[in-house]
Amino acid sequence: MRPAFLSPQRSFKPAMTAGCAAAFAMVLAPLVAIIWVSFFDNKIISFPPKGYTLAWYAAAWDMPRFRDGFVTSLELGAVATLVSLLVGVPASLVLARGRFRGREVVQSLLMAPLIVPGIVAGAAFYMLLIEFEVLTGIQIATTFTGLAIAHSLIALPWTIRLVTASLLGVDSQLAEAALTMGARPLTVFRRVTWPVIRPGVVAGALFSFVISFVDLEKSLFLVGPGTTTLPIVIVNYLEWSVDPTIAAVATVQILLIAAGLVVTNRYFRLTRAF
Amino acid sequence: MSQITLSHVSKRYGALTSVDDVSLEIRQGEFAAFLGPSGCGKTTTLRMIAGLTLASEGTIRFGSRDVTHLPPFLRNAGLVFQGYALFPHMSVAQNVAFGLEMRKVERAQAQARVMQALALVKLDHLADRLPRQLSGGQQQRVALARAIVYEPEVLLLDEPLSALDAKLRNEVRNDLRRLQSTLGLTTIFVTHDQDEALSVADRIVVMSAGKVEQIGTPREIYQRPATRFVAEFIGSTNLFPGRIEAGGRFVTAGGESFAMPREGRRDGASTFAVRPEQIRLTKGATGEGDGFGVPATVSGIVYRGALTEIVVQTASGAPLVAHLQNDGRDGEVRLEPGDVVVASWPAGAAMLF
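Residues numbered from 1 in each chain as written. Chains lettered and ligands numbered in written order. Predicted model: local features only at pLDDT ≥ 70, side-chain atom pairs only at ≥ 80, totals over all residues. Heavy atoms only, no water.

Student: What should I look at first to understand the overall build of chain A in this one?
Tutor: A tally of helices and strands in chain A yields 11 helices and 0 strands. Reading the helices (α) and strands (β) of chain A from amino to carboxyl end gives α-α-α-α-α-α-α-α-α-α-α. Structurally, chain A occupies a C-alpha span of about 70 × 70 × 30 Å along its principal axes. Sorting the 274 residues of chain A into buried and exposed places 41% on the buried side. Long-range pairs, those at least 24 residues apart, make up 71% of the contacts in chain A between residues at least 6 apart in sequence. Approximately 15,600 Å² of chain A is accessible, and the part contributed by carbon and sulfur atoms is 72%. (Helix = DSSP H or I, 4+ residues; strand = E, 2+ residues; numbered from the N terminus. Buried < 20%, exposed > 50% of the residue type's maximum accessible area, 1.4 Å probe, protein only. Contact = heavy atoms within 4.5 Å. Areas by Shrake-Rupley, 256 points an atom, 1.4 Å probe, with all protein chains shown as cover.)

Student: Explain the interface of chain A and chain B here, please?
Tutor: It is common to report an interface's size as the accessible area lost on association of the parts. Opposite the 18 residues of chain A that make contact, chain B presents 23 residues. Contact with chain B buries surface across chain A, with Thr180, Met181 and Arg191 of chain A losing the most and accounting together for 39% of the total. Joining chain A to chain B, the criterion identifies 2 salt bridges. Across the salt bridge formed by Arg47 of chain B and Glu176 of chain A, the nearest N and O atoms sit 2.6 Å from each other. Broken down by secondary-structure element, the contributors of at least two residues to the side of chain A that touches chain B are α7 (174-180) and α8 (185-214) of chain A. When its residues are assigned to classes, the side of chain A that touches chain B shows 10 nonpolar, 4 polar and 4 charged. (Buried area = accessible area lost by both parts, 1.4 Å probe. Salt bridge = Lys/Arg side-chain N within 4 Å of Asp/Glu carboxyl O. Nonpolar A, V, L, I, M, F, W, Y, C, P; charged D, E, K, R; others polar.)

Student: I would appreciate a short explanation of unusual backbone geometry in the present structure.
Tutor: With glycine set apart, most residues show a phi of negative sign, and most peptide bonds adopt trans. Residues and elements named next belong to chain B. One non-glycine residue, Lys104, adopts positive backbone phi at about 55°. For Glu151, which is not glycine, the phi dihedral falls at a positive 50°. On the basis of relative accessibility, which here comes to 58%, the residue Glu151 falls in the exposed class.

Student: Sorry if this is basic, but what is going on with the domain arrangement of chain A here?
Tutor: If you check the domain split of chain A, you get domain 1 (1-27) and domain 2 (57-273). The gap between the C-alpha centroids of domain 1 of chain A and domain 2 of chain A is 36 Å. (Domains from an automatic or database assignment.)

Student: Whenever I open this one, the UniProt feature "domain: ABC transporter" (unreviewed entry) in chain B confuses me. Can you help?
Tutor: Under the feature "domain: ABC transporter" (unreviewed entry), the UniProt entry names residues 4-234 of chain B. Counting secondary structure, residues 4-234 of chain B comes out at 36% helix and 26% strand; the distance between its end C-alpha atoms is 25 Å. (UniProt positions renumbered as here; feature names shortened; annotations may be inferred.)

Student: In this structure, what is going on with the domain arrangement of chain B? I would like to understand it.
Tutor: Residues and elements named next belong to chain B. What the domain assignment reports for chain B is domain 1 (4-232) and domain 2 (236-352). Here the C-alpha centroids of domain 1 and domain 2 sit 40 Å apart. Facing 9 residues of domain 1, the contacting portion of domain 2 comprises 8 residues. Buried surface at the junction of domain 1 and domain 2, both sides included, amounts to about 770 Å², of which 40% is carbon and sulfur. At the surface where domain 1 touches domain 2, the tally comes to 5 residue pairs in polar contact (both at pLDDT 80 or more). When contributions to the side of domain 1 that touches domain 2 are tallied by element, the ones reaching two or more residues are α7 (218-223) and α8 (228-233). Considering only residue class, the side of domain 1 that touches domain 2 consists of 5 nonpolar, 1 polar and 3 charged. (Polar contact = N/O pair within 3.5 Å; in protein donor to acceptor, adjacent residues only side chain to side chain.)

So this is what it looks like as structure tokens:
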């Protein structure tokens, strides 16, 4: 039994509980508010509700712009996730294990999209694409391709961060041990490296998708007719009307992402990746 | 099991030479230790034998087979890492089975061999555990079982005991030695711990700065060190810089003159050395004792259990350390700081470098 003065946690426990509760309330309050509002039977979002209805969900589904935005965001998320994995996983393997000149530089470059403000990066990328179009006549700005490149860049740092983290906690000699036991490099990857980094890769994929799905700033300049993402459709809609349709759309988005997290966590124990 | 031969093996990283022209032969069934301070190239040499590092020059043979340019997975060596490197997502049995699986050993037979190997290290009752559920000593034994189960041509151990506490280390060391001789494994053991090397190895390869300093049995290495480095690195040694005078005596920098043994005489030697346990201190005597000795004054006494360490100073002020066994056979030596003594040693104990 440890003396009481060695367990400060005990005396802090009520304070800890209160602090945690406050933090959770701060995080959850806006989400709860949005979900609640989405069922209000008011034309303009106001308090208190006159009654409750599911009409706004039906209304949102009936508006093609929301449906199209949803589909565009879904497709973009999928492409961004795929690209960030194809580039990010091999890059992480080299960055975490390799010792070569310029390693720090490469790492910083790959992490750069995380530190440049989204709106700045979006504007810069848009100008680059315009210059490119002027020079070559090939239009990428305001097309799906342009958006896909931008979203892949947003997603990449997350994949690299998470996969690198999953590698750092692991004995770098695992692969060497497998090699000496007679495993060829491909077998080493399949049997040893991959099982070890899998939680990191899954977490990276999930984050890539979510980050791409909710991105607003970077996409602002890059969207065009027929290729508008859901967050931008929401912003555009908000400029003209403030009815609970928007809350319904947001609720669907929140539930979708939450479901993704829960399901993935169930199969891959994401906590191991952090 | 094979004989392992290295001829003129070097490893260079740019301008840096980490292993420099190493030639040695580990006989079939022999337990060899690579001993040296960190950075001496012992681990790099081991990695070159395993194939994890490629030699810049020279050839490496397993028996008559030249493996110099073979990748690790075609060499058939067993390697135990310092940190064990057990696969965290596989059970103990799966870890041990890995090498057999790579060799496409039929499942039932593989299983039998896995259990046999685990029984050898007394872990057959933990076959279904995950590595993280085992203690350090148990993980170490799993790593060992995993490296020997596929009957490699050579067993390579990279500081395998350094992560264990002192008591466990002795136990595992003895188990390792017993297992090695029962199975007749050609074994190379890398360590920076001289006690480990002396107690476990048939032969020791002492390395320093990428070069082999001496190869010999523990007895040879300790009693007849080939170089000053070996004499200093293994055990403790009293060293006197100086030179050989025309009269055939060794004169230290401080002016003491020592008689020299006939054997082991080296012209141009610049260091005279004698081990502390060889020194006898005689109180009240004068002169040189039995021809090999020097008058001195006791300056410090440190009781260390099995032995007493006595520091004396020669006339020139050079310190000399003597170890006296506290076994009561010589009678308890009653010395006080300030006592005048003669420090003497048998003729054969003097070493020159």
